[in-house]
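# Observations on chain architecture
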Amino acid sequence: MGKVLIFGDSTCDLPPEWRKKLGVGFMPLPVNVGADARLDMHDVFPGEVFEYYKKTGTLCTTSAPNTMDYVDFWTKVREREPGCEILHFHISSDMTVTHQVADMAAKEFENIWSIDTKSVSIGVAALLLEACRLRDAGKSGREIFDAIEKIKSRVKVSFVIDSVEFLHKGGRCSGLAALGANLLNLHPAISMKDGVLSPGKKYRGSMKNVSKSYLTDALSDKSLKLDQNRILVANTSFNEEMNNYLLEIIRALRPDIKEIIFSQPGCSVCVHCGPNTIGIAYIPKE
């Protein structure tokens, strides 16, 4: 059995320090800042995406790599680590063609698994953490792939949006719905279900009050037990004050949670949901 290598792309949103700590590889995806082609979290970052929209009124856009991008990427990995097994985690195939393209490329190799997580952002990060735990326990690439396929439907990931403006500009929210939400100061929650994002409860008020209500709704059920006692928290603006506020709320609601990991989603996610979006992800115990 060769060395097992685990990779995510820039829709996976495992924090850089955790990627480094766990030895998780990273493939940045294309982000277009106007006519300027960049690579997510390599030479363009969320703050630049938000500032570009503020200045121009135009969203940055995302695109998927092509098959040869993956072939080239994995060929270089194999040159560095001959005989290695590779697991590559992707955003839900119902949201983008990234997984389909990578899966086609994987057929050119042996022992490369392209994983359709049926999730997004920190939901994918939750699966990456579990894959690393299995790798460190000595599991093979095939065993990890099979385990993740069984686990992935249990992942819970949701977000609450500060403004529907980015969703509207990206064609994911009608003009009338956006106008109504803005006039009523509504902040919609969205959650992943069966591989797609679905609308949920609408909150009203400041994002601090909204975040508290959202977290209370999501975590107040004391019968909910989390795998590894872990939760991941996303903040697209990633300001320390808000992160500390969210941490206090989670600690008060669920003192049993031992590990709380904060992440700033990459541009591939931020271009769709905008600044000040808050999210959580976890894997419930069976």
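Scroll up to find the structure this text is about.
First, a word on scope: everything that follows refers to the structure included in this document.

The rules behind these values
Each chain has its residues counted from 1, running along the sequence as written. Restriction of local features to residues with pLDDT of at least 70 applies here, the model being predicted, together with a cutoff of 80 or more for giving and counting side-chain atom pairs; totals for whole chains, interfaces and linings are based on all residues. Only hydrogens and water are set aside when side-chain values are computed; all heavy atoms of the structure are taken into account. Salt bridge, as used here: a side-chain nitrogen of Lys or Arg that lies within 4 Å of a carboxyl oxygen of Asp or Glu. A run of H or I in DSSP counts as a helix once it spans at least four residues, and a run of E counts as a strand once it spans at least two, with each numbered from the N terminus. For every residue, the accessible area (1.4 Å probe, protein chains only) is compared with the maximum for its type, and the residue is labelled buried under 20%, exposed over 50%, or partly exposed between those bounds. By the convention used here, residues are in contact when the closest approach between their heavy atoms is within 4.5 Å. Here an axis means a line fitted to C-alpha atoms, over the contact stretch when the element is a helix, while the angle between two N-to-C directions is reported on a 0 to 180 degree scale. The scheme is simple: roughly parallel for angles under 35 degrees, roughly antiparallel for over 145, roughly perpendicular for 65 to 115, oblique for anything else. In a left-handed crossing the near helix is turned counterclockwise from the far helix by less than a right angle, and in a right-handed crossing that turn is clockwise. Three classes are used, and their members are as follows: Ala, Val, Leu, Ile, Met, Phe, Trp, Tyr, Cys and Pro are nonpolar, Asp, Glu, Lys and Arg are charged, and the others, Gly among them, are polar. We call two strands paired when DSSP finds no fewer than two bridges between them.

Pairing is possible between side chains of opposite charge, provided their charged atoms come close. Inspection of every chain in the model, using the stated rule, returns 15 salt bridges. Between Arg-38 and Glu-48 there is a salt bridge, and its shortest N-O distance comes to 3.5 Å. One end of the pair, Arg-38, is in strand β4 (residues 36–39); the other, Glu-48, is in helix α2 (residues 46–56), and 10 residues separate them in sequence. Here Glu-259 ties to Arg-230 by a salt bridge, and the two come within 2.8 Å at their closest N and O atoms. Pair noted here: Glu-259 is in strand β12 (residues 259–263) and Arg-230 is in strand β11 (residues 230–235), with a separation of 29 residues, a long-range link. When its relative accessible area of 15% is taken as the criterion, Arg-230 is described as buried. Several salt bridges converge on common partners, so that one network encompasses Asp-36, Arg-38 and Glu-48.

Positionally, Thr-277 belongs in the loop between α11 (267–273) and β13 (278–282). Excluding its chain neighbours within four sequence positions, the residues that come into contact with Thr-277 are Phe-159, Val-160, Ile-161, Asp-162, Ala-234, Asn-235 and Thr-236.

For the rest of this paragraph, the subject is the packing of helix α9 (residues 207–219) against helix α10 (residues 240–253). Here α9 crosses α10 at 30°, and the two axes come no closer than 10 Å. Judged by the angle between their axes, α9 and α10 are roughly parallel. Of the two possible hands of crossing, α9 and α10 adopt the one that is right-handed. Contact residues: Met-207, Lys-208, Asn-209, Ser-211, Lys-212, Leu-215, Thr-216 and Leu-219 in α9; Glu-241, Met-242, Tyr-245, Leu-246, Ile-249, Ile-250 and Leu-253 in α10. Residue composition of the contact of α9 with α10, grouped by class: nine nonpolar, three polar and three charged.

So, on to the sheet that holds strand β2 (residues 24–27). Taken in spatial order, the four strands line up as β2-β1-β6-β7 in an open sheet, and their pairing is parallel. Strand pairing shows two members of the sheet lacking a second neighbour, β2 and β7 (112–116), which therefore form its edges. Adjacent strand axes in the sheet meet at a mean angle of 25° when their direction is disregarded. Judged from the five bridges that link them, strand β1 (residues 4–9) and strand β6 (residues 85–90) form a sheet pairing that is parallel. By the bridge assignment for β6, Val-4 is matched with Glu-85. Running over the sheet, helix α4 (residues 98–106) touches β1, β6 and β7 and is turned about 165° from β7. The strands that helix α6 (residues 141–151) touches are β1, β6 and β7; relative to β7, the one it contacts most, it runs at about 10°.

Function cannot be read off these values alone, since they describe shape.
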